[in-house]
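Fold and geometry: a report
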Amino acid sequence: MTEPRESPRGISRQTFLRGAVGAVATSAVFGTNRAGAEPGASSGWGDLATAIKGPVILPDNGQFASAKAVFNTNFNDFAPAAIVTPTSAAEVQQAMAFAAAHNVKVAPRGGGHSYVGASTATGAMILDLRQLPGGVNYDAATGHVTVTPATGLYTIHQALAANGRGIPTGTCPTVGAAGHALGGGLGAQSRHAGLMCDQLVSATVVLPGGTGVVASANEHPDLFWALKGGGGGNFGVTTALTFATFPTSDVDAVGLHFPLESFAQVLLGWQNWLRTADRSSWALADTITDPGGAHCRILATCPAGSGDAAAAAVSKAVGLQPMSVEKHTFNYLDLVQYLAVNNLNPSPLGYVGGSDVFPSITPAAAQGIAAAFNAFPAGAGRPLVIMHALDGALATVGPGDTAFPWRRQSALVQWYVETSGSPAAAANWLSTAHQAVAPYSVGGYVNYLEANQPASRYFGTNLSRLAAVRQKYDPGRVMFSGLNF
Ligand SMILES: Cc1cc2nc3c(=O)[nH]c(=O)nc-3n(C[C@H](O)[C@H](O)[C@H](O)COP(=O)(O)OP(=O)(O)OC[C@H]3O[C@@H](n4cnc5c(N)ncnc54)[C@H](O)[C@@H]3O)c2cc1C
């Protein structure tokens, strides 16, 4: 899908974000400065700083650079209006009331991993939620876990493992719970337990203006629907989330490594194996680029004791003997750790990423994905192509049952480049990759958000309903997410 976004074409992602947020925030908060008041010392911010215990860090503060830093270092030069760190849900409400009164855009920050730097957006008030008290609370009576929004995924797994429980999430240990679940939350348990958002039982949300509400199947069900995959930063600030969990057991993990030349064949074999595999099994297919060169891999997980059989079945489905096979047996938390270091680099770095969703991996689509990887320009960074399955429990939910629309598609590809120096070459390659698979792609995944893309790319037929929810809960478009709808 290539329809233009509302922003001007050709504009850089950084300029776009500055323009989108900065115009409102600068004219509103610093409007009096333009008329000659003291520069940078808006009395409004002073009022907020006095009203709440948490810090309000303005650009002239020595801690501003570290306070605005996020996971993707390519966004280090963004210039938010202020970093506000509430220490309670009540302070979130005060900050939201302040933002509405002063016409400032709000960008919440949890784990800070937004692909477009949305949680450090220029001109916005960043609500850094990492000091909200509460952490992780598991209720053995219900099997539900309640977390604060910035809680890292690994922290949740760690707390649940102590109770023999698990929750479906992606693999990066430091991604924040709210940012992740609000966009979906896709990972190694998705075939077994769906997306993280599929396990959401309720959420506490501070709406633009400062009113706090609870969203669940029975309370504000329209908002609840939108929170399940409608993307972070769109409707309000989520201050607590409660999820259902599942019991865990030991797992085998098998990695089968193949030559890069067979990547298209490996992708087809990966899909064919998934079609026959039990929901307790899962696999990704990816490329690995290390100093020795590039190759491709299928990384599968399955119940402990079934790893050898899974490896044989994967090899058969691909129709090739792998160059090498590695096999491990893990308890559940060790698996989480293993996946954390065997996928994307979990430490802050510069990266450019995006995605495409496929109804099916046809031979032509597989060739397109492989060709896109092969077209990566030398010197533009370290590219990774990662295939995520969209089947199993994830696909038992209807496309319109939650805001996440990709319930009847087979797979999505994540394009990801660890950039070195300028990210421009990586961004150009990303466009080339999209073009290479354009005939087979129906959209993208909002957690792998890209600048200058229309919201329809991420929400498909759910967009009109999502836009109506947004209009109801955030009619003044106070919230900033990097998406316009
Ligand atoms: C290394 C890496 C690995 C990843 N692996 C996976 C994976 O395996 N599977 C997967 O599905 N995704 C994965 N992701 C993507 C990740 O899920 C998204 O980037 C997610 O949005 C990050 O959430 P965050 O809280 O860390 O980031 P933030 O930048 O803090 O937030 C992301 C967005 O959500 C908004 N937001 C944050 N908190 C709140 C809140 N409390 N209320 C309302 N809005 C909020 C922000 O304003 C922003 O728009 C990965 C990302 C990275 C960088």
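As the structure is a prediction and not an experimental result, all values here were calculated from the model.

**Comments concerning the UniProt feature "domain: FAD-binding PCMH-type" (unreviewed entry) in the chain**
The feature "domain: FAD-binding PCMH-type" (unreviewed entry), as given by UniProt, occupies residues 76-248 in the numbering adopted here. In this annotation, residues 76-248 is assigned 24% helix and 25% strand; the end-to-end C-alpha distance for the span is 39 Å.

**Some remarks on the site of the ligand**
Around the ligand, the structure places 36 residues, and the nearest of them are Pro108, Gly110, Ser119, Leu186 and Tyr445. In the model, an oxygen atom of the ligand is placed 3.1 Å from a nitrogen or oxygen of the Thr171 main chain. Tyr445 is positioned such that a nitrogen or oxygen atom in its side chain is 2.6 Å from an oxygen atom of the ligand. Notes on the ligand: free accessible area 960 Å², of which the protein chains cover 97%. Looking at the shell around the ligand, the elements with two or more residues in it are strand 3 (106-109), helix 7 (177-183) and strand 10 (237-244). With 4 residues, helix 7 is the single largest residue contributor to the shell around the ligand. Each residue belonging to the shell around the ligand can be placed in one class, and the counts come to 17 nonpolar, 18 polar and 1 charged.

**Focus: the sheet that holds strand 5 (residues 136-139)**
As summarised here, the arrangement of the 5 strands in space is 5-6-10-8-9, forming an open sheet in which the pairing is antiparallel. Each of the sheet's edge strands pairs with one partner strand only, and the pair in question is strand 5 and strand 9 (212-216). The mean angle between the axes of side-by-side strands here comes to 15°, regardless of whether they run parallel or antiparallel. Relative to strand 9, strand 8 (residues 200-206) is paired through 5 bridges, and the arrangement is antiparallel. Its bridge partner being in strand 9, Ala203 is matched across the sheet by Ala215. Lying over the sheet, helix 6 (residues 153-161) contacts strand 5 and strand 6 (144-147), oriented at roughly 35° with respect to strand 5.

**Some remarks on the packing of aromatic side chains**
Inspection of every chain in the model, using the stated rule, returns 15 aromatic pairs. Considering the side-chain rings of Phe330 and Tyr338, the 4.8 Å spacing of their centres and the 40° angle between planes classify their relative orientation as tilted. Taken together, Phe71, Tyr115, Tyr351, Phe404, Tyr416, Tyr445 and Tyr448 form an aromatic cluster joined through their ring pairs. Looking at Arg465, its charged tip hangs above the ring of Trp225, at a distance of 3.9 Å from the centre. The positively charged end of Arg470 is found above the aromatic ring belonging to Phe485, 5.4 Å away from the centroid.

**Looking at the sheet that holds strand 1 (residues 56-57)**
Taken in spatial order, the 4 strands make up an open sheet running 1-2-4-3, and their pairing is mixed. Across the chains shown, the open sheet's two edge strands, defined by having one partner strand only, are strand 1 and strand 3. Relative to strand 4 (residues 125-128), strand 3 runs parallel, the two sharing 4 bridges. Directly across from Ala107, in strand 4, lies its bridge partner Ile126.

Rules and cut-offs
- Residues numbered from 1 in each chain as written.
- Predicted model: local features only at pLDDT ≥ 70, side-chain atom pairs only at ≥ 80, totals over all residues.
- Heavy atoms only, no water.
- UniProt positions renumbered as here; feature names shortened; annotations may be inferred.
- Helix = DSSP H or I, 4+ residues; strand = E, 2+ residues; numbered from the N terminus.
- Near = heavy atom within 4 Å.
- Polar contact = N/O pair within 3.5 Å; in protein donor to acceptor, adjacent residues only side chain to side chain.
- Areas by Shrake-Rupley, 256 points an atom, 1.4 Å probe, with all protein chains shown as cover.
- Nonpolar A, V, L, I, M, F, W, Y, C, P; charged D, E, K, R; others polar.
- Pairing = 2+ DSSP bridges.
- Axes fitted to C-alpha atoms, helices over the stretch in contact; angles between N-to-C directions.
- Contact = heavy atoms within 4.5 Å.
- Phe/Tyr/Trp six-rings, centres within 6.5 Å; stacked < 30°, edge-to-face > 60°.
- Lys NZ or Arg CZ within 6 Å of the ring centre and 35° of its normal.

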